[in-house]
Amino acid sequence: MTALRARLARPLIAGAAAAGLLAGGLALAGAAPDGTAAASPSVTAAPGTGDAPGAGDRGEPVTAVAAQNRATVYPGRIMTWNLYAPGSAEPEDYAKEIAAYRPQVLGVQEGCRGAVQKTVEILKAKYNLNYNVAYGTALNDRANCGFWGGNAYGQAILSAAPITDQGNRLYPDGGSENRAYMWVTTVLDGKPVRVYDTHLAEADQSKVRAKQVEHLLKAIGTQQRVIVLGDLNSRPQGPELAALWNAGLRDADPACGKVPQAGCHPTADARPSNKKFDYILLRGINPPGVTVRDSVHSDHDIVYTTLDL
């Protein structure tokens, strides 16, 4: 989904201040020209149910207080979240929600680089959660990310384990605006795993998304231990996603696939259309089910899974 940035953008300097883009946290260490960064050394809870555990929680409630006290990520927890920048949320808001679930790996979309970096700093300082971070730029978007925001808008991957390599590529055709996919290699269950994060073209541009899926699958190739996170702007039965299912990728929610089954829960764009747009796709890893949480800071739900390692 697109955040309708032109309509929602705040004034330049005010936007930078509201995003918490302080001079000390402008860009990621070792940021490459394309906006990437060097690595640093199905159960659904209804809104208002708090952090009651679902099948993906393995029986343990998670709260921000627990996250702060334990100061550790939840092993095998993978999360995806469209931040809906430049909405009204601050990095402090992002950090609070992330700390509530303590993912080992998190992919975000529609994020401003400076705000993501500030969020990572808050996670470390306030919650004692340490993440390595890589960033993939889709747009050099000063008007929405703020003059001090690094002019970078796109995706980011946070990993509690070290990131050993990374990359970012623009799709040849982004549709109505530039879109990209990024990747990192990190460690999960003591073994390397390649994690991709992407945001496909807007919901009314299915032919463009089909081409983007082709490019993404070429990048993935024959790798057998893969996680793909992202806002795909399509329901599972959308023809543009067929190639993903045919390539052996499976949604972490076993009910969601080429032919969705009862129980495939709508996620993302939850207000107002309740369509499933956010995905955690797996290859070489068994799909254990997902947990979906409403976010007050985004038009997208938070979606996560806890892998049975």
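What counts and how
Residues numbered from 1 in each chain as written. Predicted model: local features only at pLDDT ≥ 70, side-chain atom pairs only at ≥ 80, totals over all residues. Heavy atoms only, no water. Helix = DSSP H or I, 4+ residues; strand = E, 2+ residues; numbered from the N terminus. Buried < 20%, exposed > 50% of the residue type's maximum accessible area, 1.4 Å probe, protein only. Areas by Shrake-Rupley, 256 points an atom, 1.4 Å probe, with all protein chains shown as cover. Salt bridge = Lys/Arg side-chain N within 4 Å of Asp/Glu carboxyl O. Axes fitted to C-alpha atoms, helices over the stretch in contact; angles between N-to-C directions. Parallel < 35°, antiparallel > 145°, perpendicular 65-115°, else oblique. Left-handed = near helix turned anticlockwise from the far one by under 90°. Contact = heavy atoms within 4.5 Å. Nonpolar A, V, L, I, M, F, W, Y, C, P; charged D, E, K, R; others polar. Disulfide = S-S within 2.5 Å. Pairing = 2+ DSSP bridges. Right-handed = clockwise from strand over helix to strand, strands pointing away.

Trainee: Is there a simple way to think about the overall build of the protein in this case?
Mentor: Assigned secondary structure in the protein consists of 8 helices and 13 strands. Counting every position in the protein, which comprises 309 residues, the buried fraction comes to 56%. Approximately 12100 Å² of the protein is accessible, and the part contributed by carbon and sulfur atoms is 56%.

Trainee: Hey, could you run me through the pattern of salt bridges in this one?
Mentor: Side chains carrying opposite charge are able to pair once their charged atoms draw close together. Under the defined criterion, the tally for this structure stands at 6 salt bridges. The shortest N-O distance in the salt bridge between K118 and E121 comes to 3.8 Å. Within this pair, K118 and its partner E121 are both found in helix 5 (residues 113–127), separated by 3 residues, close to a single helical turn. When the shortest N-O distance is used, the salt bridge between R194 and D165 registers 3.5 Å. Pair noted here: R194 is in strand 8 (residues 191–199) and D165 is in strand 6 (residues 165–170), with a separation of 29 residues, a long-range link. Classification of D165 as partly exposed rests on a relative accessible area of 30%.

Trainee: Can you walk me through the environment of W245 in this structure?
Mentor: One can find W245 in helix 8 (residues 242–246). Taking the C-alpha atoms as reference points, W245 and K258, 13 residues apart in sequence, are found 6.4 Å from one another.

Trainee: Would you mind showing me how to read the environment of V296 here?
Mentor: In this fold, V296 is placed in the loop between strand 12 (291–293) and strand 13 (302–306). The class of V296 is exposed, set by a relative accessible area of 72%. Each C-alpha atom of the pair V296 and D93 lies 9.5 Å from the other, and the pair is 203 residues apart in sequence.

Trainee: Would you mind showing me how to read helix 4 (residues 91–101) here?
Mentor: Side chains that are three or four residues apart share a direction in an α-helix, a result of its 3.6 residues per turn. Among the 11 residues of helix 4, 8 are classified as buried, and the element is accordingly described as predominantly covered. Buried within helix 4 we find P91, Y94, A95, E97, I98, A99, A100 and Y101. Trailing helix 4 by a residue or two, R102 shows a phi angle of about 50°, which is positive.

Trainee: Quick question: what am I supposed to make of the packing of helix 4 against helix 5 here?
Mentor: Helix-helix packing: each pair is described by the crossing angle between the helix axes and the interaxial distance. Between helix 4 and helix 5, whose axes approach to 8 Å, the crossing angle comes to 55°. With respect to helix 5, the element helix 4 is oriented oblique. In this structure, helix 4 meets helix 5 at a crossing whose hand is right-handed. Contacts between helix 4 and helix 5 involve P91, E92, Y94, A95, K96, I98 and A99 from the former and A115, K118, T119, I122, L123, K126 and Y127 from the latter. Residue composition of the contact of helix 4 with helix 5, grouped by class: 9 nonpolar, 1 polar and 4 charged.

Trainee: Help me understand the state of the cysteines, please; the structure alone is not making it clear to me.
Mentor: Here a disulfide denotes one covalent bond, and it connects the sulfur atoms of two cysteines. Under the criterion given, the structure shown has 2 disulfides. Disulfide pairing places C112 opposite C145 at an S-S distance of 2.2 Å. Judged by the sign of its S-S torsion, about -80°, the bond between C112 and C145 is left-handed. Of the two residues, C112 is situated in strand 3 (residues 103–112) and C145 in helix 6 (residues 142–145); the sequence distance between them amounts to 33 residues. A relative accessible area of 1% means that C145 is categorised as buried. Between the sulfur of C256 and that of C264 lies a disulfide, 1.9 Å long from S to S. Taking the sign of the S-S torsion, 110° for the link of C256 and C264, the bridge is right-handed. Both residues of the pair, C256 and C264, belong to the buried class. Numbered in order of appearance, the disulfide-bonded cysteines of the protein are paired 1-2, 3-4.

Trainee: Quick question: what am I supposed to make of the pairing of strand 3 here?
Mentor: When a strand is regular, its side chains alternate between the sheet's two faces. Across the 10 residues that make up strand 3, a large majority, 10, are buried. Of the strand pairs in this sheet, strand 2 (residues 74–82) and strand 3 are connected by 6 bridges, and their pairing is parallel. What sits directly across from Y74, in strand 3, is P103. One crossover worth recording links strand 2 to the parallel strand 3 by way of helix 4, and it is right-handed. Inspection of the sheet shows strand 3 paired to strand 5 (residues 153–159) by 6 bridges, in the antiparallel sense. By the bridge assignment, V105 is partnered in strand 5 with S159.

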